[in-house]
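Below are the chains, spelled out letter by letter.
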Amino acid sequence: MNGIHDLGGMDGFGPVEPEPDEPAFHAAWEGRVMAINRAMGAAGAWNIDMARDARERLPAAFAITASYYQRWERAMENQVVGAGLVAADELASGHARTPAKLLPRPPLRADKLDPVMTRGSFARQAAKEPRFRAGDRVRTKNINPETHTRLPRYARNHPGIVERVQGYHVFPDRSALGQGDAAEWLYTVVFDATELWGADADPTLKVSIEAFEPYLEKA
Amino acid sequence: MAGHDHDHHHEHGSELSETELRVRALETVLTEKGYVDPAALDAIVEAYQTRIGPRNGAAVVARAWVDPAFRQALLDDATKAIGTLGHVSAVGDHLVAVANTLERHNVIVCTLCSCYPWEMLGLPPVWYKAAPYRSRVVKDPRGVLADFGLRLPETTEIRVWDSTAETRFLVLPMRPEGTDGWSEAELAELVTRDSMIGTGLPASPSAK
């Protein structure tokens with residue numbers, strides 16, 4: 001969706017402000033939010049694409065002013081209620097009132113953290129040949145789905161060059177909708193900045209995205 | 001809305017902000033229903049506070065600086081190469097190491113969310129997740145690098161990698177001059193987090 005999360009190329013957000021000796025969390029609740037998201041994912045309540053989709057569907061005016069972990073927290077409220085895992089009035093009262101639903105996997109235990117602390121694999125056994133090879137000229141499609149996609153707006157409808165074939169990976173646009181983890185070929189596609197931003201762009205700049213095959217056509 | 005989150009105000013005599021209350025309610029309900037175990041949440045938080053941070057990435061970079069065969073293996077398949085280093089935590093799939101050279105400087109971003117090589121660098125800093133960096137680095141990277149006090153030669157190619165899938169990127173910075181004969185452990189001390197994102201360079205050996 002063309003949401004406020006898709007920030008590449010926007011102006012007006014001011015300078016980057018690095019923070020010396022930044023802590024892992026700025027408040028205890030931030031750590032709880034991060035950990036709850038990991039634990040719920042480990043139990044199979046949602047996958048990474050569904051979680052991103054839920055954050056992207058937060059109201060734009062909230063999302064642009066909320067902090068990172070505030071967005072995570074609010075999205076998880078929507079996810080647990082939307083999936084029927086928790087009733088809205090339970091969140092309001094702060095206590096469980098109804099029985100739990102069965103999740104696909106058992107709850108994460110402290111002595112079995114490894115599965116969540118090491119990233120899983122998003123590669124799948126290839127079911128078809130890749131359509132493109134390194135060096136091929138391609139063009140990104142002009143798509144504007146109202147659902148989740150990983151093709152950023154700034155990189156749509158532009159010619160680029162396939163630099164790497166990264167493998168056959170779970171396709172987020174379908175996975176976010178709960179349509180399973182059917183995969184597509186994934187490529188690193190590189191663009192000249194002058195193609196993305198016009199003749200005044202930095203001539204020494206190249207930008208690449210990780211593009212799934214359905215985002216691409218032959219140039 | 002901004003006005004709905006009073007994180008710095010204590011309304012109604014409460015000692016907790018609205019966000020803290022919401023997080024507490026969410027965790028309590030999920031715990032009472034048996035979906036999460038608070039001890040597991042504690043352990044995840046603790047891992048990121050103590051074990052998983054940029055020293056992991058620094059050890060990988062230092063090894064690549066002293067061992068040309070490892071460097072090549074890292075650039076060919078970073079996940080596989082790091083798996084051969086016993087002292088670095090396991091790294092998941094699809095890590096891609098990209099090498100800085102005199103001709104090319106690499107910078108990592110995720111414009112759509114905040115994808116970041118957590119296992120190598122720990123949790124991303126706030127600026128990496130925030131709008132100023134994500135919006136501007138794909139269009140005006142030299143301006144962004146200037147915010148970090150980094151100015152590159154005008155002829156250096158800048159390559160920005162937007163992490164739009166589950167591939168993760170780690171910048172392999174150039175080994176600083178004046179470090180001949182340094183041990184791997186000494187070299188790792190020079191490797192800053194930002195030098196592995198591309199928004200900085202390794203620390204100068206003379207500053208050590």
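Residues numbered from 1 in each chain as written. Chains lettered and ligands numbered in written order. Predicted model: local features only at pLDDT ≥ 70, side-chain atom pairs only at ≥ 80, totals over all residues. Heavy atoms only, no water.

### Let's talk about the overall build of chain A
Phase 1: Along chain A, the regular secondary structure elements total 8 helices and 5 strands.
Phase 2: When the helices and strands of chain A are read in sequence order from the N terminus, they spell out α-α-α-α-α-α-β-β-α-β-α-β-β.
Phase 3: If one aligns the C-alpha atoms of chain A with their principal axes, the spans along those axes are about 60 × 45 × 35 Å.
Phase 4: When burial is assessed residue by residue, chain A has 50% of its 219 residues classed as buried.
Phase 5: For chain A, contacts bridging at least 24 residues in sequence account for 64% of all contacts bridging at least 6.
Phase 6: With an accessible surface of roughly 10,200 Å², chain A has 51% of that area assigned to carbon and sulfur atoms. (Helix = DSSP H or I, 4+ residues; strand = E, 2+ residues; numbered from the N terminus. Buried < 20%, exposed > 50% of the residue type's maximum accessible area, 1.4 Å probe, protein only. Contact = heavy atoms within 4.5 Å. Areas by Shrake-Rupley, 256 points an atom, 1.4 Å probe, with all protein chains shown as cover.)

### Here's the deal with the pairing of strand E3 (residues 157–162) of chain B
Phase 1: Where burial is concerned, most of E3 of chain B is hidden: 5 out of the 6 residues are buried.
Phase 2: Relative to E3 of chain B, strand E4 (residues 205–212) of chain A is paired through 4 bridges, and the arrangement is parallel. Of the residues in E3 of chain B, the one forming a bridge with Val207 of chain A is Val160 of chain B.
Phase 3: The pairing of strand E2 (residues 104–109) of chain B with E3 of chain B spans 6 bridges and is classified as parallel. Opposite Val107 of chain B, over in E3 of chain B, you have Val160 of chain B as the bridge partner. (Pairing = 2+ DSSP bridges.)

### Let's talk about the layout of surface pockets
Phase 1: When its volume is computed, the second largest pocket comes out at roughly 390 Å³.
Phase 2: As for the second largest pocket, its lining consists of 18 residues, of which Thr101, Leu102, Met174, Arg175 and Leu201 of chain B are closest to the centre. (1 Å grid on protein atoms, 1.4 Å probe; cavity = no way out; pocket = protein on both sides within 12 Å on 5 of 7 lines; lining within 4 Å. Points joined across faces, edges and corners; volume = space filled by probe spheres on them.)

### Some remarks on the sheet that holds E4 of chain A
Either a parallel or an antiparallel arrangement is found when strands of a sheet pair, and the pairing is made through backbone hydrogen bonds.
Phase 1: The sheet built from 7 strands is open, its strands ordered E5(A)-E1(A)-E2(A)-E3(A)-E4(A)-E3(B)-E2(B) with mixed pairing. Only two strands of the sheet have a single neighbouring strand rather than two, namely strand E5 (216–218) of chain A together with E2 of chain B. Each strand of the sheet is rotated relative to its neighbour by a mean of 35°, with strand direction disregarded. (Axes fitted to C-alpha atoms, helices over the stretch in contact; angles between N-to-C directions.)

### A look at the environment of Glu27 of chain B
Phase 1: The residue Glu27 of chain B is located in helix H1 (residues 18–32) in this model.
Phase 2: Glu27 of chain B gets classed as buried once you look at its relative accessible area, which sits at 14%.
Phase 3: A C-alpha to C-alpha distance of 9.6 Å links Glu27 of chain B and Leu41 of chain B, two positions 14 residues apart in sequence.
Phase 4: Among all residues touching Glu27 of chain B, those that are not within four sequence positions of it are Arg32 and Ile36 of chain A together with Val36, Pro38 and Leu41 of chain B.

### Thoughts on the interface of chain A and chain B
Phase 1: At the interface, 88 residues of chain A touch 83 residues of chain B.
Phase 2: Between chain A and chain B the total buried area reaches about 7,500 Å² when both faces are included, carbon and sulfur atoms providing 60% of it.
Phase 3: On the chain A side of the interface with chain B, the three residues burying the most area are Val16, Arg32 and Arg119 of chain A, jointly 10% of the side's total.
Phase 4: The tally of links between chain A and chain B comes to 10 salt bridges.
Phase 5: As a salt-bridge pair, Arg52 of chain A and Glu166 of chain B come within 2.8 Å of each other at their nearest N and O atoms.
Phase 6: For the pair chain A and chain B, the number of links is 37 residue pairs in polar contact (both at pLDDT 80 or more). (Buried area = accessible area lost by both parts, 1.4 Å probe. Salt bridge = Lys/Arg side-chain N within 4 Å of Asp/Glu carboxyl O. Polar contact = N/O pair within 3.5 Å; in protein donor to acceptor, adjacent residues only side chain to side chain.)

### Let's talk about empty space enclosed by the protein
Phase 1: For the structure shown, the criterion picks out 1 cavity of 30 Å³ or more.
Phase 2: In this structure, the largest cavity encloses a volume near 40 Å³.
Phase 3: Lining of the largest cavity is provided by Asp49, Arg52, Phe122, Arg150, Val170, Pro172 and Phe212 of chain A together with Ala165 and Glu166 of chain B.
Phase 4: Residues belonging to the lining of the largest cavity are distributed by class as follows: 5 nonpolar, no polar and 4 charged. (Nonpolar A, V, L, I, M, F, W, Y, C, P; charged D, E, K, R; others polar.)

### Topic: the packing of aromatic side chains
Phase 1: The full count for this structure, using the stated rule, is 17 aromatic pairs over all chains.
Phase 2: Aromatic pair Trp127 of chain B and Tyr128 of chain B: ring centres 6.1 Å apart, planes at 70°, arrangement edge-to-face.
Phase 3: With a relative accessible area of 4%, Trp127 of chain B lands in the buried category.
Phase 4: Between Trp127 of chain B and Tyr133 of chain B, the aromatic rings sit 4.9 Å apart at their centres with planes inclined by 75°, giving edge-to-face as the arrangement. Of the two residues examined, Trp127 of chain B and Tyr133 of chain B, each falls in the buried class.
Phase 5: Each residue in the set Tyr116, Trp127, Tyr128, Tyr133 and Phe148 of chain B is aromatic and connected to the rest through ring pairs, giving one cluster.
Phase 6: Taking NZ or CZ as reference, Arg55 of chain A lies 4.1 Å from the ring centre of Trp72 of chain A, over its face. (Phe/Tyr/Trp six-rings, centres within 6.5 Å; stacked < 30°, edge-to-face > 60°. Lys NZ or Arg CZ within 6 Å of the ring centre and 35° of its normal.)

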